[in-house]
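Now for the letters of each chain:
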Amino acid sequence: MEFAFGPPLLEAINAGAVDYGYTGDAPPIFAQAAHAKIAYVAVIPARGYGQAIVVPADSALKTLADLKGKKVGVAKGSSAHNLLVSALESANVAWSDITPVYLAPADAASAFARGAIDAWSIWDPFYAIAELRQKARPLPIDPKATIQNSYFLANTDFLAKHADVVAGINEELAKATAWASAHRGEVAELAAEASGVDIAAQKRSADRAEYSFSPMTQTVIEQQQAVADRFQRLGLIPAPIAVKDIVWFWKPAT
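Rules and cut-offs
Residues numbered from 1 in each chain as written. Predicted model: local features only at pLDDT ≥ 70, side-chain atom pairs only at ≥ 80, totals over all residues. Heavy atoms only, no water. Helix = DSSP H or I, 4+ residues; strand = E, 2+ residues; numbered from the N terminus. Rg over C-alpha atoms; globule rule 2.2 N^0.38 Å. Buried < 20%, exposed > 50% of the residue type's maximum accessible area, 1.4 Å probe, protein only. Areas by Shrake-Rupley, 256 points an atom, 1.4 Å probe, with all protein chains shown as cover. Lys, Arg positive; Asp, Glu negative; His and termini not counted. Charge placed at Lys NZ, Arg CZ, Asp CG, Glu CD. Pairing = 2+ DSSP bridges. Contact = heavy atoms within 4.5 Å. Axes fitted to C-alpha atoms, helices over the stretch in contact; angles between N-to-C directions. Polar contact = N/O pair within 3.5 Å; in protein donor to acceptor, adjacent residues only side chain to side chain.

> In this structure, what is going on with the overall build of the protein? I would like to understand it.
A count of helices and strands for the protein gives 11 helices and eight strands. Taking 2.2 N^0.38 as the reference for a compact globule, 254 residues should give roughly 18 Å; the C-alpha atoms of the protein span a radius of gyration of 18 Å, in line with that estimate. When the backbone C-alpha atoms are referred to their principal axes, the protein occupies close to 55 × 45 × 30 Å. With 254 residues in all, the protein has 48% of them scored as buried. As displayed, the protein has an accessible area near 12000 Å², and 54% of this comes from carbon and sulfur atoms. In the protein, 22 positive and 26 negative side-chain charges are present, and the distance between their average locations comes to 6 Å.

As structure tokens, then:
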């Protein structure tokens, strides 16, 4: 099953309609806060190259501070939401200083193209498409604020009954990501064929993507806890959560 972004996928996992899925860092935070039946089962540690806060080519906005008073498109509860929050914090810009416009990626793409929003926090391939079609340019961000892991999650009921299946899926995905890292051109071609997105955008996305795969680690848990704490401080989730409470530690076969 395909989903436009993380939150609806995790709704499906919680409902048991999907057993296993992949998403960015923010969706599991919101899902855990809503007591969803999810567990972290693996991670893609990432440096954040495939995401950005972009503005139109002719925009007068040059820095994150310039976003004060501006409309910024973002998918609520997505990794781009966390990128926006983290980037603003790094530049000492208060969340209340901007006007977030919550839009799904396709709707935000349309709004950005017609100038209905001043900036857009987004990930690939939408980021690459905006660069190629609208000549969008990314605002400079402190590299520490762009580090965002991606996660594989499973329905907890399914995991309790079929931990061996989840481990097997993880083993195969580890092999697939290793292959993808060495065959980025082929990955772009496959993604373009499957999605209908222009090959140039998919190639740009694949060239800067992170292709790695590992079990959850204490470092990763601490990084994800920092994301949860950030959203809680802003009142975007109602109460503190402990990420470690829903982590499953996969032990690779080799």
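> Where do I start with the sheet that holds strand β4 (residues 71-74) in this structure?
Strand pairs in the sheet, formed through backbone hydrogen bonds, run parallel or antiparallel to each other. Taken together, five strands build an open sheet; the order of strands is β5-β4-β6-β3-β7 and the sheet is mixed. With partners counted over all chains shown, the strands left at the sheet margins are β5 (99-102) and β7 (137-138), one partner each. In terms of strand pairing, strand β3 (residues 51-55) meets β7 through two bridges, oriented antiparallel. Each residue of the ladder has a partner; that of Val-54, found in β7, is Pro-138. Here helix α4 (residues 105-113) sits on the sheet and contacts β3 and β6 (119-123); the angle it forms with β6, its principal contact strand, is near 145°. Along the sheet face, helix α5 (residues 126-134) touches β3, β6 and β7 and points at about 130° away from the line of β6.

> What am I meant to see in the side chain of Ser-121 here?
Mapped onto the secondary structure, Ser-121 falls in strand β6. Of the polar contacts made by the side chain of Ser-121, one reaches the backbone oxygen of Ala-80; its length is 2.7 Å. Apart from the residues within four sequence positions on either side, Ser-121 is in contact with Ala-52, Ile-53, Val-72, Gly-73, Val-74, Ala-80, Leu-83 and Leu-84.

None of the figures reported here should be taken as evidence of function without further support.
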